[in-house]
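# Coordinates in review
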Amino acid sequence: MPEWLQAGGWGLLAGSALLVGAAAGWFARVPQRVIASIMAFGAGVLLSAVSFEMIAEAHDEGGMLPTVIGAGGGAVVYTLANLALARHGARNRKRSGAQPSEGEQPGSGSAIAVGALLDGVPESVVIGASLLSGGTVSLVTVAAVFLSNVPEGLSSAAGMRQAGRSRRFVFLLWLGIALISGVAALLGNSLLGGAPPQVLAGITALAAGAILAMITDTMVPEAFENAHLLVGLITVAGFLAAFALSHA
């Protein structure tokens, strides 16, 4: 199977977790504390992947300067885009509650869709690019993205249901993001195949910076709001689980 097609398949697999989470959030009445606990675990898993897979790999490939510039740039781009989306009703897109309805804030549905895309694309690009270094995908990165996507889909779908959005909107949204995740991984592999190590390192760090900003801006607040004192313990458990996987 061509490498680019493998990349697309892995990206689609990781993105499909959004649909799994959305189904649980829509059809099951999952307590908010459980949602928050899953979100905390997913945040810990992603933090580990960012630290030991993305940032460490970027540093090994390209050195300190591309890593710092890339990570800082990713955080800035994500934050600016997130600020713009927040003004249109997407601030709480990962929340299981407190999401605005379309009647309360027209255009918020589209903003939530763009925000979900903003959250998912950097992760998928890294999955596709991870195949370039050794011909095999980073299973830790795929597992981290998959495990973090489940609570993201779960929490968001529960919040969208409370805000009165239709089942069609919710599932078409996450299906679209899952498909785009596959395409982003495919493009990440195809377009970066001949890139110098420094460029590849900078792009990996760019994605890592965006993901780290997303974790602290959206996932951790949602987890803390409902899990409170347990959030630190659960997040560390997720971090250690991913760390153990990376050294298995």
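Everything here concerns the structure above.
Now for a description of the structure that goes with this document. Source: prediction; values computed, not measured. (Residues numbered from 1 in each chain as written. Predicted model: local features only at pLDDT ≥ 70, side-chain atom pairs only at ≥ 80, totals over all residues. Heavy atoms only, no water.)

## Details of the overall build of the chain
We apply this condition: In this text, helices come from DSSP runs of H or I with a minimum length of four residues, and strands from runs of E with a minimum of two, each type numbered from the N-terminal end. When accessible area is computed with a 1.4 Å probe and restricted to protein chains, residues below 20% of their type maximum are described as buried, those above 50% as exposed, and intermediate ones as partly exposed. Note on contacts: a residue pair is in contact if any heavy atoms of the two residues lie within 4.5 Å. What sets the accessible areas is the Shrake-Rupley method with a 1.4 Å probe; for residues, cover comes only from the shown protein chains.
Along its length, the chain carries 8 helices and 0 strands. Ordered by position from N to C terminus, the α and β elements of the chain give α-α-α-α-α-α-α-α. Classification of the 248 residues of the chain by burial places 50% in the buried group. In the chain, the share of contacts with a sequence separation of at least 24, taken over all contacts with a separation of at least 6, comes to 85%. Accessible surface computed for the chain: about 10600 Å², of which carbon and sulfur atoms make up 71%.

## Some thoughts on the packing of helix 1 (residues 3-27) against helix 6 (residues 167-191)
Our working rule: Here an axis means a line fitted to C-alpha atoms, over the contact stretch when the element is a helix, while the angle between two N-to-C directions is reported on a 0 to 180 degree scale. Angles below 35 degrees are treated as roughly parallel, those above 145 as roughly antiparallel, those between 65 and 115 as roughly perpendicular, and all remaining angles as oblique. When the near helix sits turned anticlockwise from the far one by under a right angle, the crossing is termed left-handed; a clockwise turn instead gives a right-handed crossing. In this classification, Asp, Glu, Lys and Arg are treated as charged, Ala, Val, Leu, Ile, Met, Phe, Trp, Tyr, Cys and Pro as nonpolar, and every other residue, Gly included, as polar.
Running from N to C, helix 1 and helix 6 point in directions that differ by 160 degrees, and their axes come no closer than 7 Å. Regarding the angle of helix 1 to helix 6, the classification is roughly antiparallel. The chirality of how helix 1 crosses helix 6 is right-handed. Split by residue class, the contact of helix 1 with helix 6 holds 18 nonpolar, 8 polar and 2 charged.

## Re helix 5 (residues 139-162)
Heads up, the rule is: One less than the number of residues in a helix, times 1.5 Å, gives the span that helix is expected to have.
In a regular helix each residue adds 1.5 Å, so 24 residues correspond to 34 Å; helix 5 covers 35 Å between its end C-alpha atoms and thus fits that length. The buried count for helix 5 comes to 18 of 24 residues, which makes it a mostly enclosed element. Just downstream of helix 5, Gly164 is the residue with a positive phi angle, here 85 degrees.

It is worth stressing that arrangement in space is one thing and function is another; only the former is reported here.
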